[in-house]
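Structure at a glance
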Amino acid sequence: MSDSKYITLISYDGFEFVVLREAALVSETIGAMLRGPFREAQTGRCEFGEIRGPVLEKVVEYFHYHYANRNQTDVPDMDIPVDICLELLMAADFLGLDSKPQMRDIS
């Protein structure tokens, strides 16, 4: 298992995003990918064959936004570009992000 503090998320069009592992664990899907004997757990690299780079970039922004504000109340909503709303909604559903995310422990 990769014990790196960071993981790499890769979009289907080849964009790579280095993300704080703890921040990315808000996603149930990523948490599952990083557990057990899976390739992602060994390499710390998660590939998403259905998510475009601009959409994954906004997902990564959300991970860091959520992580930075995890102990705050009354956090303003993020700005979401209209042109990626539907794709972002589908990505959020696939990644297991709900309206009240919790940090997940993968140990």
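Just so we're clear, the structure is a prediction, and the values are computed from it rather than from any experiment.

Time to look at unusual backbone geometry. The phi torsion at aspartate 74 lies on the positive side, around 55°, for a residue other than glycine. On the secondary structure map, aspartate 74 appears in the loop between helix H4 (53–68) and helix H5 (85–94). Exposure remark for aspartate 74: the relative accessible area of 78% places this residue in the exposed category.

Turning our eyes to something else, we now look at the packing of H4 against H5. Closest axis-to-axis distance for the H4/H5 pair is 10 Å, and the angle between their directions is 60°. It follows from the interaxial angle that H4 and H5 lie oblique. Of the two possible hands of crossing, H4 and H5 adopt the one that is right-handed. In this structure, H4 uses Val55, Lys58 and Val59 to contact H5, whose residues at the interface are Glu87, Leu88 and Ala91.

Our next topic: the confidence of the model for the chain. Per-residue pLDDT for the chain averages 88, and the proportion of residues at 70 or more is 90%. In this model, residues 103–107 is a region of pLDDT below 50 whose contacts with residues beyond four sequence positions or in other chains number 14 contacts.

Counting 27 residues, the largest nonpolar core has Leu9, Val19, Ile30, Phe48 and Phe63 as its most contacted members. Sorting the residues of this core by element identifies strand E1 (6–11), strand E2 (16–20), helix H1 (21–24), helix H2 (28–33), strand E3 (45–48), H4 and H5 as the ones contributing at least two each. Looking at this core, the element that brings in the most residues is H4, giving six residues. Setting aside residues up to four positions removed in sequence, phenylalanine 48 forms contacts with Leu9, Ile10, Ser11, Tyr12, Ile30, Met33, Leu56, Phe94 and Leu95.

When you line up the elements, glutamate 61 lands in helix H4. It is 9.1 Å that separates the C-alpha atoms of glutamate 61 and methionine 78, two residues lying 17 residues apart in sequence.

On to H4. The end-to-end C-alpha distance of H4 is 22 Å, a good match for the 22 Å that 16 residues give at a rise of 1.5 Å each. Taken together, the buried positions of H4 are Gly53, Val55, Leu56, Lys58, Val59, Val60, Phe63, His66 and Tyr67. Here the buried face of H4 lies against E1, E2, H1, H2, E3 and H5.

What counts and how
- Residues numbered from 1 in each chain as written.
- Predicted model: local features only at pLDDT ≥ 70, side-chain atom pairs only at ≥ 80, totals over all residues.
- Heavy atoms only, no water.
- Helix = DSSP H or I, 4+ residues; strand = E, 2+ residues; numbered from the N terminus.
- Buried < 20%, exposed > 50% of the residue type's maximum accessible area, 1.4 Å probe, protein only.
- Axes fitted to C-alpha atoms, helices over the stretch in contact; angles between N-to-C directions.
- Parallel < 35°, antiparallel > 145°, perpendicular 65-115°, else oblique.
- Left-handed = near helix turned anticlockwise from the far one by under 90°.
- Contact = heavy atoms within 4.5 Å.
- pLDDT = per-residue confidence, 0-100.
- Core = buried A, V, L, I, M, F, W, Y, C linked by side-chain atoms within 4.5 Å.
- Expected span 1.5 Å × (residues − 1).

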